[in-house]
Amino acid sequence: MGLCDERPIWSMSGSEMLSTLDAVQAQLARLQTHRLHLLAALDANGHAADLGARDTVQLIAVRHRLDPTEVRRDLRLATALPKYPDVQTALHATSAGATDSAQAPLADAALAPETSPLGQPWSSS
């Protein structure tokens, strides 16, 4: 989905805005999943030390101007993900677009809440 190809927001109806926001959120989730995999792989292969950084956290924090505490938190999450097979399956299904029909329900269940924040079921319309 290219942002340049999209209609201006002011010209969208409420339902179009909501479906576009859903698509943007799904894309952000895929990108974040990919980012976590890259962080874990960079940490595992020691590339930060090759570049002269103290560790992966320092490298990413300086390179991307991020708070080291947030980078450390994301790195801990990234390295912990393989310990949880159901989460790993859902993340792979989501990043691949849930093309495997056996993985799609698991990905949907893991990533889509069944009720609204008010505890009421989401309407289907």
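Up top is the structure these notes are about.
Please read all numbers here as calculations on a predicted model, not as lab measurements.

Engineer: Requested: an account of the overall build of the chain, with residues and values cited.
Structural biologist: Check the secondary structure of the chain and you find six helices and zero strands. Of all 125 residues assigned to the chain, the portion counted as buried reaches 21%. Sequence-distant contacts in the chain: of pairs separated by 6 or more residues, those separated by 24 or more amount to 31%. Counting only carbon and sulfur atoms, one obtains 59% of the accessible surface of the chain, whose full area is about 9,200 Å².

Engineer: Summarise the nonpolar core; cite the residues concerned and give the values.
Structural biologist: Of all hydrophobic cores here, the largest spans 13 residues; its most connected members are Leu39, Leu59, Ile60, Val71 and Ala78. Of all elements in the fold, only α1 (14–45), α3 (56–64) and α4 (68–80) reach the threshold of two or more residues within this core. Sort the elements by how many residues they give to this core and α3 lands first, with four residues. In this structure, Leu39 is in contact with Thr56, Ile60, Asp74, Leu75 and Ala78, ignoring residues within four places of it in sequence.

Engineer: Any details on the packing of α3 against α4? Residues and values, ideally.
Structural biologist: At their nearest, the axes of α3 and α4 sit 9 Å apart, and the two run at 130° to each other. Here α3 is positioned oblique relative to α4, judged by the angle of their axes. By crossing handedness, the relation of α3 to α4 is classed as right-handed. Contacts between α3 and α4 involve Thr56, Val57, Ile60 and Ala61 from the former and Pro68, Val71, Arg72 and Leu75 from the latter. Across the contact of α3 with α4, the residue classes break down as six nonpolar, one polar and one charged.

Engineer: Can you tell me about α3, naming the residues and giving the values?
Structural biologist: Within α3, burial applies to Thr56, Val57, Leu59, Ile60 and Ala61. Lining the buried residues of α3 we find α1, α2 (47–50) and α4. Immediately beyond the C-terminal end of α3, within one or two residues, lies Arg65, with a positive phi of roughly 55°.

Engineer: Pulling in residues and values, what's your account of α1?
Structural biologist: Because each turn of an α-helix spans 3.6 residues, side chains separated by three or four positions end up pointing in the same direction. When the terminal C-alpha atoms of α1 are compared, their 46 Å separation across 32 residues agrees well with the 46 Å that a helix rising 1.5 Å per residue should span. Burial in α1 covers these residues: Thr33, Leu36, Leu39 and Ala40. Following α1 by one or two positions, Gly46 has its phi on the positive side, about 70°.

Cut-offs applied
Residues numbered from 1 in each chain as written. Predicted model: local features only at pLDDT ≥ 70, side-chain atom pairs only at ≥ 80, totals over all residues. Heavy atoms only, no water. Helix = DSSP H or I, 4+ residues; strand = E, 2+ residues; numbered from the N terminus. Buried < 20%, exposed > 50% of the residue type's maximum accessible area, 1.4 Å probe, protein only. Contact = heavy atoms within 4.5 Å. Areas by Shrake-Rupley, 256 points an atom, 1.4 Å probe, with all protein chains shown as cover. Core = buried A, V, L, I, M, F, W, Y, C linked by side-chain atoms within 4.5 Å. Axes fitted to C-alpha atoms, helices over the stretch in contact; angles between N-to-C directions. Parallel < 35°, antiparallel > 145°, perpendicular 65-115°, else oblique. Left-handed = near helix turned anticlockwise from the far one by under 90°. Nonpolar A, V, L, I, M, F, W, Y, C, P; charged D, E, K, R; others polar. Expected span 1.5 Å × (residues − 1).

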